Amino acid sequence: DLFFQLATGSPLGIYYYVFLIAVIAPLAWPLSRAGGAAAPALLAACALATAALASRPPDLPLGGYFWSLRNPLDHFALGFFLSGWLVRRELPRLERAWARGRHLLVPGLAAGLVLGPVSATHVLPAPLGVPLRIAYTFAVIALCAATARGRRPGRALVWLSDASLAIYLLHRIFQRLLEPSLAAWPEPARALALVAVGLGGGALVAGLVQRALGPVRARFWLGA
């Protein structure tokens with residue numbers, strides 16, 4: 001059981017993402033040596049696969065909920081990786097497109113920001129849930145890129161960015177420890193408290209490990 005949990009990233013529910021990282025990240029090597037059309041073709045295939053899987057009943061994911069989360073083609077996991085690859089490669093062209101067509105792109109960005117949370121309320125047809133969450137993710141990234149363009153991030157923001165993997169790996173542990181004590185709290189106070197303890201606990205451990213091991217070893221052992 002322990003070997004299976006380690007191999008599939010399942011000692012804690014959110015660690016499914018570690019499994020996806022381990023499966024997807026090695027694709028950087030063949031992508032860097034493939035032709036320029038390889039990443040767009042794979043991205044199109046990911047979009048089709050995600051749309052097909054999103055059309056299934058929510059309570060009947062392919063392979064069950066456990067393997068659905070670990071499927072690189074489900075929930076657009078591989079698609080996000082390929083999108084980041086293409087954005088990095090085509091960044092100057094994207095910046096020129098934003099500068100020329102901002103008045104056309106802003107409404108689409110706003111729609112993505114609004115429809116993502118709306119999809120979580122289940123008022124829209126179920127097959128739209130995953131595509132709208134994907135659009136919401138891209139809209140948030142675009143908003144951050146647009147508002148931060150030309151600005152230098154502060155030291156605290158850079159530190160949080162560098163420690164983001166460690167915070168992700170640790171935050172749920174602190175939340176699980178506190179959840180029983182907060183069970184009777186009303187929302188949204190309960191949710192906000194869990195967010196605070198998750199982020200605060202993860203950041204605190206990351207800072208202590210950096211101080212104890214130094215930045216290089218802390219990065220290797222904890223991702224901080």
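An account of the accompanying structure is given in this report. Predicted model only: the values in this text are computed from it and were never measured.

Criteria and thresholds
- Residues numbered from 1 in each chain as written.
- Predicted model: local features only at pLDDT ≥ 70, side-chain atom pairs only at ≥ 80, totals over all residues.
- Heavy atoms only, no water.
- Helix = DSSP H or I, 4+ residues; strand = E, 2+ residues; numbered from the N terminus.
- Buried < 20%, exposed > 50% of the residue type's maximum accessible area, 1.4 Å probe, protein only.
- Contact = heavy atoms within 4.5 Å.
- Areas by Shrake-Rupley, 256 points an atom, 1.4 Å probe, with all protein chains shown as cover.
- Lys, Arg positive; Asp, Glu negative; His and termini not counted.
- Charge placed at Lys NZ, Arg CZ, Asp CG, Glu CD.
- Patch = residues over 30% accessible without salt bridge, like charges linked within 9 Å, V, L, I, M, F, W, Y side chains within 5 Å.
- Salt bridge = Lys/Arg side-chain N within 4 Å of Asp/Glu carboxyl O.
- Axes fitted to C-alpha atoms, helices over the stretch in contact; angles between N-to-C directions.
- Parallel < 35°, antiparallel > 145°, perpendicular 65-115°, else oblique.
- Left-handed = near helix turned anticlockwise from the far one by under 90°.
- Nonpolar A, V, L, I, M, F, W, Y, C, P; charged D, E, K, R; others polar.
- Phe/Tyr/Trp six-rings, centres within 6.5 Å; stacked < 30°, edge-to-face > 60°.

### As for the overall build of the protein
Regarding its fold elements, the protein presents 12 helices and zero strands. Seen in sequence order, the protein has helices and strands lined up from the N terminus as α-α-α-α-α-α-α-α-α-α-α-α. Expressed along its principal axes, the backbone C-alpha trace of the protein runs to roughly 50 × 45 × 40 Å. By the burial criterion, 28% of the 224 residues in the protein qualify as buried. Taking contacts inside the protein between residues at least 6 apart in sequence as the whole, the part at least 24 apart equals 64%. Element-wise, carbon and sulfur atoms account for 71% of the exposed surface of the protein, whose accessible area totals about 14,600 Å². For the protein, the separation between the mean place of its 20 positive charges and that of its 8 negative charges on side chains is 12 Å.

### As for a nonpolar patch on the surface
Together, L115, V123, L124 and L128 give the surface a local cluster of nonpolar side chains, amounting to about 320 Å² of exposed area. Relative to the helices and strands, L115 resides in helix α7 (residues 91–119). On the accessibility criterion, L115 (34% relative accessible area) is partly exposed.

### What to know about the packing of helix α4 (residues 38–54) against helix α6 (residues 77–89)
Between α4 and α6, the shortest axis-to-axis distance is 9 Å and the interhelical angle comes to 150°. Taken together, the axes of α4 and α6 are roughly antiparallel relative to one another. When the axes of α4 and α6 are compared, the crossing they make is left-handed. Counted together, A39, P40, L42, L43 and C46 of α4 and L78, G79, L82, S83, W85, L86 and R89 of α6 form the full contact between these two elements. Taken together, the residues that form the contact of α4 with α6 break down as nine nonpolar, two polar and one charged.

### Things to note about the packing of aromatic side chains
Each aromatic ring pair is summarised here by two numbers: the centre-to-centre distance and the angle between the ring planes. Overall, the coordinates contain 11 aromatic pairs when judged by the stated rule. Taking 6.3 Å as the distance between ring centres and 75° as the angle between the ring planes, the aromatic pair formed by F76 and F138 counts as edge-to-face. Of the two residues, F76 sits in the loop between α5 (64–69) and α6 while F138 sits in helix α8 (residues 129–148), which places them 62 residues apart along the sequence. A residue is classified by how much of its surface remains accessible, and F76, at 7% relative accessible area, is buried.

### Section: the environment of A166
Relative to the helices and strands, A166 is located in helix α10 (residues 164–182). Overall, A166 belongs to the buried group, its relative accessible area being 0%. Note: C-alpha distance between A166 and G207 (41 residues apart in sequence) is 9.9 Å.

Worth remembering: the numbers are spatial, not functional.
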